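Coordinates in review
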Amino acid sequence: MYYFMFDNHNSKNQAIDSHNDYDREICDNCGGIYITYKGIYNFRIMGKLYDYYLNGESSVISEKFLNILKKNGFTGYEISGTTPYHGNVTMEGDPIKEKYYLFKVTGRCGLVCDMNGEPLPHCKKCGRRFPFTGLVTTGVSFDTDSYDGSDLFAFENMSNIPIVSEEVKNVLSKSKLSNLRFEPINERIINCAIKRERALKRIEEGMACNELIEAWLKYGVLTEQELNEQLSKNEN
Ligand SMILES: [Zn+2]
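The structure displayed is predicted, hence computed values, not measured ones. Each chain has its residues counted from 1, running along the sequence as written. Note on the predicted model: pLDDT of at least 70 is required for a residue's local features to be given, and 80 or more for side-chain atom pairs to be given and counted; whole-chain, interface and lining totals, by contrast, use all residues.

Attention now moves to the overall build of the protein chain. The helix and strand labels rest on DSSP assignments: H or I over at least four residues marks a helix, E over at least two residues marks a strand, and numbering proceeds from the N terminus. Counting its secondary structure elements, the protein chain contains five helices and 16 strands. With the C-alpha coordinates of the protein chain rotated into their principal frame, the extents come out at 65 × 40 × 25 Å. With C-beta atoms placed from the backbone, a residue is labelled by how many other C-beta atoms lie within 10 Å of its own: buried for 20 or more, exposed for 12 or fewer, partly exposed between the two. Burial statistics for the protein chain: of 236 residues in total, 28% are counted as buried. Excluding contacts between residues fewer than 6 apart, the proportion of contacts in the protein chain whose partners are at least 24 apart in sequence is 73%. Two residues qualify as a contact pair if the distance between their C-beta atoms, derived from the backbone, is within 7 Å.

This is the structure in structure tokens:
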């Protein structure tokens, strides 16, 4: 069994991005936006200090967490320095004395697949998984041939959420690290529902790439006829 490693995110407990320098790239096929932070990562922690935060595209871990990873010789991650502050969404407070590290999972297991091992609809150019494909299902899986064997790893197109084996999960759980929440990857609910009208609207606006339209046909959001009617309207 494999598990996603989430935090216990809520409105009073989270880490928030704080004035970081970044590079931005946009995929010219699907419009996906990719952000790479530059320099020391600044962030704020709301509420009590915990050992792990999953903050959108980036995770941060405490020194205690890092020591446990090192002590067990776990592979599949990189760390870099951060400047943590207390604070909330609108305000930056005092600096935090405890050390935190930006935590980047480098282990990989290929593209996100459904439980039959078929990759979920994604951009052929950048691999981004589309959020509104019409697919509603439970559970994801990976192709074992694409898994590099790292202790900590992630899907290529869901690279912000770390995945661990049962064995690694047990070590982390026993280490009493705070703010960790494990969810079996085969129980993850994928809800990419979209209404027909919205899909048609996106085609009308020229905001749907071919892979996305294929997914809408595959998962019954649109029929061939509805698609063709919309495409001929677009031409007029
Ligand atoms: Zn793309």
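So that's the structure; there's more coming.
Once that is clear, we can look at the domain arrangement of the protein chain. Delimitation of the domains relies on an automatic or database domain assignment. What the domain assignment lists for the protein chain is domain 1 (2-110 + 146-184) and domain 2 (194-235). The C-alpha centroid of domain 2 is placed 36 Å from the C-alpha centroid of domain 1.

Another aspect to go through is unusual backbone geometry. Of note, H19 is a non-glycine position whose phi angle comes to about 45 degrees, a positive value. On the secondary structure map, H19 appears in the loop between β2 (14-17) and β3 (21-26). The backbone of K176 sits at a positive phi, close to 55 degrees, despite the residue not being glycine. Residue position: K176 is located in the loop between α2 (166-174) and β15 (181-184).

A word on the sheet that holds β15. For two strands to be treated as a pair, DSSP must find no fewer than two bridges joining them. What the five strands build is an open sheet, ordered β11-β13-β14-β1-β15; its pairing is mixed. Only two strands of the sheet have a single neighbouring strand rather than two, namely β11 (107-108) and β15. In this sheet, β15 lies alongside strand β1 (residues 2-6) in antiparallel orientation, the contact comprising four bridges. In the strand pairing of β15, Y3 is matched with P184.

Moving on: the environment of S58. Tracing the backbone through its elements, the reader meets S58 in strand β7 (residues 58-62). On the basis of neighbour count, S58 is assigned to the partly exposed category, with 19 C-beta atoms found within 10 Å. Through-space distance from the C-alpha of S58 to that of F103 is 7.0 Å; in sequence the pair is 45 residues apart. Setting aside chain neighbours within four positions, we find S58 in contact with Y37, Y41, L102 and N160.

The next subject is the packing of helix α3 (residues 196-204) against helix α5 (residues 224-235). Two elements in contact, α3 and α5, have axes whose closest approach is 9 Å; the angle formed by their N-to-C orientations is 35 degrees. For the pair α3 and α5, the sense of crossing is right-handed. Seen from α3, the contacting residues are R196, L200, I203 and E204; seen from α5, they are E226, Q230 and N234. Polar here means any residue other than Ala, Val, Leu, Ile, Met, Phe, Trp, Tyr, Cys and Pro, which are nonpolar, and Asp, Glu, Lys and Arg, which are charged; Gly is therefore polar. Considered class by class, the residues forming the contact of α3 with α5 number two nonpolar, two polar and three charged. In this description, a line fitted to the C-alpha atoms serves as the axis of each element, helices being fitted only across the stretch in contact, and the angle between N-to-C directions of two axes falls anywhere from 0 to 180 degrees. Each helix crossing is assigned a hand: it is left-handed if the near helix lies turned anticlockwise from the far helix by less than a right angle, otherwise right-handed if that turn is clockwise.

Here we take up the pairing of strand β8 (residues 77-87). With five bridges connecting them, strand β5 (residues 41-46) and β8 associate as parallel partners. Residue pairing for β8: N42 is matched across the bridge by T83. Sheet analysis places β8 next to strand β10 (residues 100-105), joined by five bridges and oriented antiparallel. Bridge pairing in β10 places S80 opposite L102. Two strands pair when backbone bridges link them, and β8 and strand β9 (residues 92-95) are joined in this way by two bridges, in the antiparallel orientation.

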